[in-house]
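# Summary of the model geometry
This is what each chain is made of:
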Amino acid sequence: MSQALDAEPGSELFASYEADFRLAFAEITQKIDQIPELGAEPRKASVRAAERAIDEADEIIGQMAIELQNISSGSRAKLNARLRGYRSDLDKVKRELRRASEQADRTELFGARAAQSRGGGLSADDISQDQRQQLLSGTDRLEASSQRLRDSQRLANETESIGAGILTDLRGQREQIVNSRNVLMEADTYVDKSIRTLRGMARRYVPVIVKFCVIMES
(Lines give C-alpha, C1' and ligand atoms only; values in the text may rest on other atoms or scores of the structure.)
Protein backbone atom coordinates (compact mmCIF):
# COMPACT_ATOMS: atom_id res chain seq x y z
CA MET A 1 0.00 0.00 0.00
CA SER A 2 1.16 3.56 -0.67
CA GLN A 3 2.69 5.17 2.42
CA ALA A 4 2.38 8.80 3.53
CA LEU A 5 5.64 10.73 3.90
CA ASP A 6 5.62 12.26 7.38
CA ALA A 7 8.31 14.80 6.50
CA GLU A 8 6.43 16.04 3.47
CA PRO A 9 4.62 19.34 4.08
CA GLY A 10 0.91 19.39 3.44
CA SER A 11 -2.51 19.96 4.87
CA GLU A 12 -3.23 18.57 8.34
CA LEU A 13 -6.71 17.67 7.16
CA PHE A 14 -5.23 15.76 4.22
CA ALA A 15 -2.99 13.85 6.62
CA SER A 16 -6.02 13.05 8.78
CA TYR A 17 -7.81 11.65 5.73
CA GLU A 18 -4.74 9.54 4.97
CA ALA A 19 -4.89 8.01 8.45
CA ASP A 20 -8.60 7.26 8.05
CA PHE A 21 -7.94 5.66 4.67
CA ARG A 22 -5.21 3.39 6.08
CA LEU A 23 -7.58 2.20 8.81
CA ALA A 24 -10.32 1.43 6.29
CA PHE A 25 -7.80 -0.27 4.00
CA ALA A 26 -6.55 -2.47 6.85
CA GLU A 27 -10.11 -3.55 7.61
CA ILE A 28 -10.70 -4.41 3.94
CA THR A 29 -7.61 -6.59 3.68
CA GLN A 30 -8.45 -8.31 6.97
CA LYS A 31 -11.95 -9.21 5.75
CA ILE A 32 -10.59 -10.48 2.42
CA ASP A 33 -8.08 -12.72 4.22
CA GLN A 34 -10.89 -14.21 6.32
CA ILE A 35 -13.18 -15.09 3.40
CA PRO A 36 -11.62 -18.48 2.40
CA GLU A 37 -11.86 -19.77 5.97
CA LEU A 38 -15.51 -18.87 6.61
CA GLY A 39 -18.75 -20.71 5.99
CA ALA A 40 -21.54 -19.44 3.78
CA GLU A 41 -23.29 -16.99 6.08
CA PRO A 42 -20.20 -15.64 7.89
CA ARG A 43 -18.53 -15.24 4.49
CA LYS A 44 -21.45 -13.18 3.19
CA ALA A 45 -21.27 -10.99 6.29
CA SER A 46 -17.53 -10.54 5.81
CA VAL A 47 -18.01 -9.60 2.14
CA ARG A 48 -20.67 -7.05 3.08
CA ALA A 49 -18.38 -5.59 5.75
CA ALA A 50 -15.53 -5.36 3.23
CA GLU A 51 -17.82 -3.67 0.71
CA ARG A 52 -18.89 -1.11 3.32
CA ALA A 53 -15.23 -0.43 4.15
CA ILE A 54 -14.50 0.00 0.43
CA ASP A 55 -17.34 2.51 0.12
CA GLU A 56 -15.91 4.38 3.12
CA ALA A 57 -12.44 4.34 1.58
CA ASP A 58 -13.87 5.63 -1.70
CA GLU A 59 -15.52 8.50 0.14
CA ILE A 60 -12.30 9.33 1.98
CA ILE A 61 -10.40 9.44 -1.30
CA GLY A 62 -13.02 11.86 -2.62
CA GLN A 63 -12.50 14.10 0.39
CA MET A 64 -8.74 13.90 -0.09
CA ALA A 65 -9.14 14.99 -3.72
CA ILE A 66 -11.20 18.00 -2.63
CA GLU A 67 -8.73 18.97 0.10
CA LEU A 68 -5.88 18.67 -2.40
CA GLN A 69 -7.23 21.73 -4.21
CA ASN A 70 -6.65 23.82 -1.04
CA ILE A 71 -2.96 22.89 -0.82
CA SER A 72 -0.21 25.04 -2.29
CA SER A 73 1.09 23.99 -5.69
CA GLY A 74 4.52 23.28 -4.23
CA SER A 75 3.20 20.36 -2.17
CA ARG A 76 0.27 19.40 -4.36
CA ALA A 77 2.23 17.38 -6.94
CA LYS A 78 3.68 14.91 -4.40
CA LEU A 79 0.41 14.62 -2.50
CA ASN A 80 -1.41 14.01 -5.78
CA ALA A 81 1.00 11.15 -6.53
CA ARG A 82 0.17 9.62 -3.14
CA LEU A 83 -3.53 10.02 -3.85
CA ARG A 84 -3.14 8.14 -7.13
CA GLY A 85 -1.37 5.39 -5.21
CA TYR A 86 -4.27 5.14 -2.77
CA ARG A 87 -6.72 4.86 -5.66
CA SER A 88 -4.61 2.12 -7.23
CA ASP A 89 -4.45 0.24 -3.90
CA LEU A 90 -8.22 0.46 -3.51
CA ASP A 91 -8.87 -0.78 -7.05
CA LYS A 92 -6.57 -3.71 -6.34
CA VAL A 93 -8.41 -4.82 -3.18
CA LYS A 94 -11.74 -4.43 -4.99
CA ARG A 95 -10.54 -7.00 -7.50
CA GLU A 96 -9.16 -9.22 -4.73
CA LEU A 97 -12.49 -9.12 -2.88
CA ARG A 98 -14.38 -10.13 -6.00
CA ARG A 99 -11.98 -12.98 -6.76
CA ALA A 100 -11.96 -14.23 -3.17
CA SER A 101 -15.74 -14.19 -2.97
CA GLU A 102 -16.18 -15.96 -6.31
CA GLN A 103 -13.55 -18.57 -5.48
CA ALA A 104 -15.15 -19.29 -2.11
CA ASP A 105 -18.56 -19.66 -3.75
CA ARG A 106 -17.16 -22.09 -6.33
CA THR A 107 -15.33 -24.09 -3.67
CA GLU A 108 -18.48 -24.40 -1.57
CA LEU A 109 -20.64 -25.29 -4.59
CA PHE A 110 -18.41 -27.99 -6.03
CA GLY A 111 -17.44 -29.29 -2.59
CA ALA A 112 -21.09 -29.78 -1.69
CA ARG A 113 -21.78 -31.51 -4.98
CA ALA A 114 -18.82 -33.82 -4.58
CA ALA A 115 -19.93 -34.74 -1.07
CA GLN A 116 -23.45 -35.42 -2.25
CA SER A 117 -22.14 -37.51 -5.13
CA ARG A 118 -19.96 -39.61 -2.81
CA GLY A 119 -22.85 -40.05 -0.39
CA GLY A 120 -25.19 -41.13 -3.13
CA GLY A 121 -27.14 -37.88 -3.07
CA LEU A 122 -26.29 -37.02 -6.68
CA SER A 123 -25.44 -39.26 -9.58
CA ALA A 124 -23.18 -38.33 -12.47
CA ASP A 125 -26.30 -37.81 -14.60
CA ASP A 126 -27.72 -35.48 -11.95
CA ILE A 127 -24.53 -33.42 -11.91
CA SER A 128 -24.45 -33.31 -15.71
CA GLN A 129 -28.10 -32.25 -15.80
CA ASP A 130 -27.41 -29.55 -13.24
CA GLN A 131 -24.51 -28.26 -15.33
CA ARG A 132 -26.69 -28.20 -18.43
CA GLN A 133 -29.30 -26.27 -16.49
CA GLN A 134 -26.71 -23.72 -15.42
CA LEU A 135 -25.55 -23.39 -19.02
CA LEU A 136 -29.12 -22.82 -20.19
CA SER A 137 -29.63 -20.27 -17.44
CA GLY A 138 -26.48 -18.48 -18.52
CA THR A 139 -27.69 -18.55 -22.12
CA ASP A 140 -31.02 -17.08 -21.06
CA ARG A 141 -29.26 -14.27 -19.21
CA LEU A 142 -27.06 -13.59 -22.22
CA GLU A 143 -30.10 -13.48 -24.49
CA ALA A 144 -31.86 -11.10 -22.09
CA SER A 145 -28.80 -8.85 -22.09
CA SER A 146 -28.67 -8.98 -25.89
CA GLN A 147 -32.34 -8.05 -26.05
CA ARG A 148 -31.74 -5.06 -23.77
CA LEU A 149 -28.92 -3.97 -26.06
CA ARG A 150 -31.17 -4.32 -29.09
CA ASP A 151 -33.88 -2.30 -27.34
CA SER A 152 -31.35 0.39 -26.46
CA GLN A 153 -30.16 0.48 -30.07
CA ARG A 154 -33.74 0.74 -31.33
CA LEU A 155 -34.44 3.58 -28.90
CA ALA A 156 -31.26 5.35 -30.01
CA ASN A 157 -32.31 4.99 -33.66
CA GLU A 158 -35.79 6.31 -32.92
CA THR A 159 -34.32 9.24 -31.00
CA GLU A 160 -31.98 9.96 -33.90
CA SER A 161 -34.91 9.85 -36.33
CA ILE A 162 -36.95 12.23 -34.17
CA GLY A 163 -33.97 14.56 -33.93
CA ALA A 164 -33.52 14.51 -37.69
CA GLY A 165 -37.21 15.34 -38.15
CA ILE A 166 -36.95 18.26 -35.73
CA LEU A 167 -33.90 19.59 -37.57
CA THR A 168 -35.77 19.34 -40.87
CA ASP A 169 -38.72 21.27 -39.41
CA LEU A 170 -36.37 23.91 -38.01
CA ARG A 171 -34.69 24.31 -41.39
CA GLY A 172 -38.11 24.72 -43.02
CA GLN A 173 -39.12 27.32 -40.43
CA ARG A 174 -35.85 29.15 -40.95
CA GLU A 175 -36.43 29.28 -44.69
CA GLN A 176 -39.93 30.65 -44.09
CA ILE A 177 -38.55 33.34 -41.78
CA VAL A 178 -35.84 34.27 -44.28
CA ASN A 179 -38.41 34.46 -47.09
CA SER A 180 -40.72 36.61 -44.96
CA ARG A 181 -37.82 38.89 -44.11
CA ASN A 182 -36.95 39.24 -47.80
CA VAL A 183 -40.58 40.08 -48.63
CA LEU A 184 -40.63 42.73 -45.89
CA MET A 185 -37.36 44.22 -47.10
CA GLU A 186 -38.71 44.33 -50.67
CA ALA A 187 -41.96 45.97 -49.50
CA ASP A 188 -39.92 48.49 -47.48
CA THR A 189 -37.98 49.33 -50.64
CA TYR A 190 -41.25 49.95 -52.54
CA VAL A 191 -42.52 52.19 -49.73
CA ASP A 192 -39.32 54.23 -49.82
CA LYS A 193 -39.65 54.65 -53.59
CA SER A 194 -43.29 55.70 -53.21
CA ILE A 195 -42.39 58.27 -50.55
CA ARG A 196 -39.67 59.74 -52.77
CA THR A 197 -42.09 59.88 -55.71
CA LEU A 198 -44.72 61.66 -53.63
CA ARG A 199 -42.17 64.15 -52.34
CA GLY A 200 -41.01 64.89 -55.86
CA MET A 201 -44.58 65.42 -56.99
CA ALA A 202 -45.18 67.70 -54.03
CA ARG A 203 -42.15 69.82 -54.90
CA ARG A 204 -43.34 70.20 -58.48
CA TYR A 205 -47.06 70.74 -58.03
CA VAL A 206 -47.41 72.63 -54.76
CA PRO A 207 -46.01 75.92 -56.21
CA VAL A 208 -48.35 75.64 -59.19
CA ILE A 209 -51.33 75.08 -56.91
CA VAL A 210 -50.34 78.09 -54.75
CA LYS A 211 -49.98 80.32 -57.82
CA PHE A 212 -53.34 79.17 -59.12
CA CYS A 213 -54.97 79.99 -55.78
CA VAL A 214 -53.43 83.51 -55.80
CA ILE A 215 -54.74 84.15 -59.32
CA MET A 216 -58.20 82.98 -58.33
CA GLU A 217 -58.27 85.30 -55.33
CA SER A 218 -57.22 88.31 -57.41
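Just above sits the structure.
Source: prediction; values computed, not measured. (Residues numbered from 1 in each chain as written. Predicted model: local features only at pLDDT ≥ 70, side-chain atom pairs only at ≥ 80, totals over all residues. Heavy atoms only, no water.)

## Let's talk about helix α1 (residues 12–34)
The first and last C-alpha atoms of α1 sit 34 Å apart over 23 residues, in line with the 33 Å expected at 1.5 Å per residue. Among the residues of α1, those classed as buried are F14, Y17, E18, F21, A24, F25, I28 and I32. (Helix = DSSP H or I, 4+ residues; strand = E, 2+ residues; numbered from the N terminus. Expected span 1.5 Å × (residues − 1). Buried < 20%, exposed > 50% of the residue type's maximum accessible area, 1.4 Å probe, protein only.)

## Some remarks on the packing of α1 against helix α2 (residues 40–68)
Where α1 contacts α2, the axes come no closer than 9 Å and their chain directions differ by 160°. Considering their axes alone, α1 and α2 lie roughly antiparallel with respect to each other. Seen from above, α1 lies across α2 with left-handed handedness. Class assignment for the residues of the contact of α1 with α2 results in 15 nonpolar, 3 polar and 6 charged. (Axes fitted to C-alpha atoms, helices over the stretch in contact; angles between N-to-C directions. Parallel < 35°, antiparallel > 145°, perpendicular 65-115°, else oblique. Left-handed = near helix turned anticlockwise from the far one by under 90°. Nonpolar A, V, L, I, M, F, W, Y, C, P; charged D, E, K, R; others polar.)

## A word on a nonpolar patch on the surface
On the surface, L198, M201 and Y205 cluster together to form a nonpolar patch covering roughly 320 Å² of accessible area. With respect to the helices, strands and loops of the structure, Y205 is situated in helix α4 (residues 124–217). (Patch = residues over 30% accessible without salt bridge, like charges linked within 9 Å, V, L, I, M, F, W, Y side chains within 5 Å. Areas by Shrake-Rupley, 256 points an atom, 1.4 Å probe, with all protein chains shown as cover. Salt bridge = Lys/Arg side-chain N within 4 Å of Asp/Glu carboxyl O.)

## Things to note about the pattern of salt bridges
Pairs can form between side chains of opposite charge whenever their charged atoms are close. Under the definition given, this model contains 3 salt bridges. Note that R82 and E18 form a salt bridge whose closest N and O atoms lie 3.0 Å from each other. On the criterion of sequence distance, the pair formed by R82 in helix α3 (residues 73–118) and E18 in helix α1 is long-range, its members being 64 residues apart. Given a relative accessible area of 10%, R82 falls into the buried group. The closest approach of N and O atoms between D58 and K94, which form a salt bridge, is 3.1 Å. A residue pair is termed long-range when its members are at least 10 positions apart, and D58 in helix α2 and K94 in helix α3 qualify at 36 residues.

## Overview of the nonpolar core
Burial of nonpolar side chains together is a common tendency in soluble globular proteins. The biggest cluster of nonpolar side chains holds 27 residues, and the ones touching the most others in it are F21, I28, M64, L90 and L97. Among the elements of the structure, α1, α2 and α3 are those that each provide at least two residues to this core. Tallying contributions element by element places α2 first for this core, with 10 residues. Among all residues touching L90, those that are not within four sequence positions of it are F21, F25, I28, I54, A57, D58 and I61. (Core = buried A, V, L, I, M, F, W, Y, C linked by side-chain atoms within 4.5 Å. Contact = heavy atoms within 4.5 Å.)

## Section: the packing of aromatic side chains
Scanning all chains against the criterion turns up 2 aromatic pairs. Ring plane angle 45° and centroid distance 5.0 Å describe the contact between F21 and Y86, whose orientation is recorded as tilted. Within this pair, whereas F21 is found in helix α1, its partner Y86 is found in helix α3, the two being separated by 65 residues in sequence. Per residue, the accessibility class of F21 equals that of Y86, and both read buried. Members of the aromatic cluster, each reached through a chain of ring pairs, are F21, F25 and Y86. (Phe/Tyr/Trp six-rings, centres within 6.5 Å; stacked < 30°, edge-to-face > 60°.)

## Regarding a positive patch on the surface
On the surface, K92, R95, R98 and R99 cluster together to form a positively charged patch. For R99, the position within the fold is in helix α3. (Lys, Arg positive; Asp, Glu negative; His and termini not counted. Charge placed at Lys NZ, Arg CZ, Asp CG, Glu CD.)

## Thoughts on the environment of P36
Along the polypeptide, P36 turns up in the loop between α1 and α2. The sequence separation of P36 and T107 amounts to 71 residues, and the corresponding C-alpha distance is 9.1 Å.

## Observations concerning a negative patch on the surface
Together, D20, E27, E51, D55, E56 and E59 give the surface a local cluster of negative charge. Only α1 and α2 provide two or more residues apiece to the negative patch. With respect to the element layout, E56 can be found in helix α2. Among the residues examined, E56 registers a relative accessible area of 41% and is labelled partly exposed.

## Side note on the side chain of S46
Tracing the backbone through its elements, the reader meets S46 in helix α2. The exposure class of S46 is buried, given its relative accessible area of 5%. Here the side chain of S46 touches K31 through a polar contact of 3.3 Å, landing on its backbone oxygen. Non-local contacts of S46, meaning those with residues more than four positions away in its chain, are made with K31, Q34, I35 and L38. (Polar contact = N/O pair within 3.5 Å; in protein donor to acceptor, adjacent residues only side chain to side chain.)

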